[in-house]
Amino acid sequence: MKTNPIKQISLDDAIKFQFKLVDDIQSVFQGHELLEAGDYGVSLEFGRPKTTAKVEKVLAKFFNVEEAALVRGAGTGAMRLALTSILKTNDTLLVHDAPVYPTTQNIIDMMGLNITKVNFNDYTNLEAINYDNINAILIQHSRQKPEDSYDMSEVISLIKSKSNLPIITDENYTVMKVPKIGVQLGADASVFSMFKLLGPEGIGCVVGKKYIIDKIRKINYSGGSQVQGPEAMDALRSLVYTPVSLAIQAMQVDEIVERINKGEIRGIKKAYIANAQSRVVLVEFNEPIAEKVLRNSEEIGAVPYPVGSESRYEIGAMFYRVSGTFIKNNPEMKQYIIRINPMRAGADTVIRILKEAIKKSIS
């Protein structure tokens, strides 16, 4: 198996992200406002809580985009609103030739969209396609298949050289991990879940061009659709701690893979770093013991399934089946491979649990 993990920022760069975000916060908010929870309701000035509007201004400033909108429904809600703002029934969406993320596929089905699949890994495909038959492009930043290798910047640049079609990028599992998200590389909008960034449940975000955000705000005009001030402040405060936390997590992933591949644990063929969907360790066993290892590791203390994933509730290392899109692409993975996300745990904890779980599985 070959993987092409996305390059993640270093701990030093993550610290710079934190400092930039705090500087942006203090350039938008007055000092006393940072000690307040935030307001409720549809203010006459903004059509949403004043605090929410200020948080959105901070996010737009941080990502260097025209506008940002906090929305309900987490990443899925953000994706639904972004696609709804630019597409209508029977329009055609260009996507990568890979299993579409299930919640995104649901949106495509509900909207009655047609999809055209092209292998983004081979840029000649993107050059040859007839863009006159396409209405918009969706690019998932994180990997959909282990062998994916396309570069987000190159894909966006190539498409933009051929057409003026709107590009939406799915940035779940990449925000605060990569140097630049899609919208910073030329896409029209990027969507992601604040819940995956230590924020409160159910809050999503769309950042990008004003015409897209304006349409989203028009769709969400009612009071019950608004992200209230306290929720927005909770999401913003949590986001401050995300880049450093994720950089430490990435360091543990690197160490775990290095130690496994040096032969520290018997019964393992190889370990890989992969974006599946979050940046994780894929452990490939010599024998089809993956399901046994997962059962035994949970008894030893491993977390058996995600919440967010990478939400504020996920502290312990997670031992889980390979992602559904990966399994759909290669069903045999289910018997031989598991994924491990250390979350807030250190490499020593992961190695200890894995070693004990394998021993119980083959005894």
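Everything numeric in this text was worked out from a predicted model, so none of it was measured.

So, how was this worked out
- Per chain, the residues get numbers from 1 upward, laid out in the order the sequence is written.
- Given that this is a predicted model, residues contribute local features only at a pLDDT of at least 70 and side-chain atom pairs are listed and counted only at 80 or more, while totals for whole chains, interfaces and linings are drawn from all residues.
- To obtain the side-chain values, all non-hydrogen atoms of the structure were used and water was disregarded.
- When two rings of Phe, Tyr or Trp (its six-membered ring) have centres within 6.5 Å they constitute a pair, described as stacked for plane angles under 30 degrees, edge-to-face for angles over 60, and tilted for the intermediate range.
- Buried residues are those whose accessible area, probed at 1.4 Å on protein chains only, stays under 20% of the maximum for their type, while exposed residues exceed 50% and partly exposed ones sit between those limits.
- Look at NZ for Lys and CZ for Arg. If either is within 6 Å of the ring centre and within 35 degrees of the ring normal, a charge sits over the ring.
- Two strands qualify as a pair provided that DSSP identifies no fewer than 2 bridges between them.
- By definition, any uninterrupted DSSP run of H or I lasting at least four residues is a helix, any uninterrupted run of E lasting at least two residues is a strand, and each is numbered from the N terminus.
- Lines fitted to C-alpha atoms define the axes, with helix axes restricted to the stretch in contact, and inter-axis angles between N-to-C directions lie between 0 and 180 degrees.
- By definition in these notes, contact holds between two residues if any of their heavy atoms fall within 4.5 Å.
- What qualifies as a polar contact is a pair of N or O atoms within 3.5 Å, subject to a donor-acceptor requirement within protein and to the restriction that residues adjacent in sequence count only when both atoms come from side chains.
- We call a set of buried Ala, Val, Leu, Ile, Met, Phe, Trp, Tyr and Cys residues a nonpolar core when their side-chain atoms join them within 4.5 Å.
- Expected span of a helix, by definition, is 1.5 Å for each gap between consecutive residues, and there is one gap fewer than residues.

K.L.:
Explain the packing of aromatic side chains here, please?
P.N.:
We describe a pair of aromatic rings using the distance from one ring centre to the other and the angle between the two ring planes. Across all of its chains, the model carries five aromatic pairs by this definition. Their ring planes at 90° and their centres at 5.0 Å tell us that F62 and F63 sit as a pair that is edge-to-face. In this structure F63 comes out as buried when scored by relative accessible area, which is 3%. One aromatic cluster in this structure is built from F17, F62, F63 and F192. If you follow R143 out to its NZ or CZ, it ends over the ring of Y150, 5.6 Å from the centre.

K.L.:
Is there a simple way to explain the sheet that holds strand 9 (residues 279-285) in this structure?
P.N.:
Hydrogen bonds along the backbone pair up the strands of a sheet, which may run parallel or antiparallel. Strand order in the open sheet formed by four strands is 8-9-11-10, and the pairing between neighbours is antiparallel. Two strands close off the open sheet at either side, each with one partner strand: strand 8 (268-275) and strand 10 (318-321). In this sheet, neighbouring strand axes are inclined to one another by 30° on average, regardless of whether the strands run parallel or antiparallel. Across four bridges, the pairing between strand 10 and strand 11 (residues 337-341) is antiparallel. Bridging from a neighbouring strand, F319 pairs with I340 of strand 11.

K.L.:
Would you mind going over the sheet that holds strand 7 (residues 203-208) with me for this structure?
P.N.:
Within the open sheet, the seven strands sit side by side as 1-7-6-5-4-2-3. Their pairing is mixed. Where the open sheet ends on each side, the last strands, each with one partner, are strand 1 (67-72) and strand 3 (114-118). Neighbour to neighbour, the strand axes of the sheet diverge by 25° on average, direction disregarded. Sheet topology note: the strand 6 (residues 189-193)/strand 7 ladder contains five bridges and is antiparallel. Looking across to strand 7, one finds that F192 is bridged to C205.

K.L.:
How should I be thinking about the environment of K117 in this particular structure?
P.N.:
Along the chain, K117 turns up in strand 3. For the pair formed by K117 and I362, sequence separation is 245 residues and the distance between their alpha carbons is 42 Å. Among all residues touching K117, those that are not within four sequence positions of it are V95, H96, D97, A98, P99 and V100. Side-chain polar atoms of K117 contact the backbone oxygen of A98, separated by 3.1 Å.

K.L.:
Help me understand the nonpolar core, please; the structure alone is not making it clear to me.
P.N.:
Core analysis: the biggest nonpolar cluster contains 38 residues, and L21, F63, L70, M176, F192, M194 and V207 have the highest contact counts within it. Listed by contribution, the elements that provide at least two residues to this core are helix 1 (11-28), helix 2 (50-63), strand 1, strand 7, helix 8 (229-240) and helix 9 (242-261). Among all residues touching M176, those that are not within four sequence positions of it are I9, F17, L21, F62, L197, L239, T242, P243 and L246. By size, the runner-up hydrophobic cluster in this structure holds 28 residues, among which are V253, I260, I340 and A345.

K.L.:
Please explain helix 2 as it appears in this structure.
P.N.:
Helical geometry note: an α-helix holds 3.6 residues per turn, so side chains three or four residues apart project in the same direction. Between the first and last C-alpha of helix 2 there are 20 Å, a value that for 14 residues agrees with the 20 Å anticipated at 1.5 Å per step. Of all 14 residues that make up helix 2, 10 are buried, and the element is covered over most of its length. Here helix 2 has its buried residues at T51, T52, A53, V55, E56, V58, L59, A60, F62 and F63. Each element contacted by the buried residues of helix 2 is listed here: helix 1, strand 1, strand 6, strand 7, helix 7 (210-219) and helix 8. Residue N64 follows helix 2 closely and has a positive phi angle near 55°.

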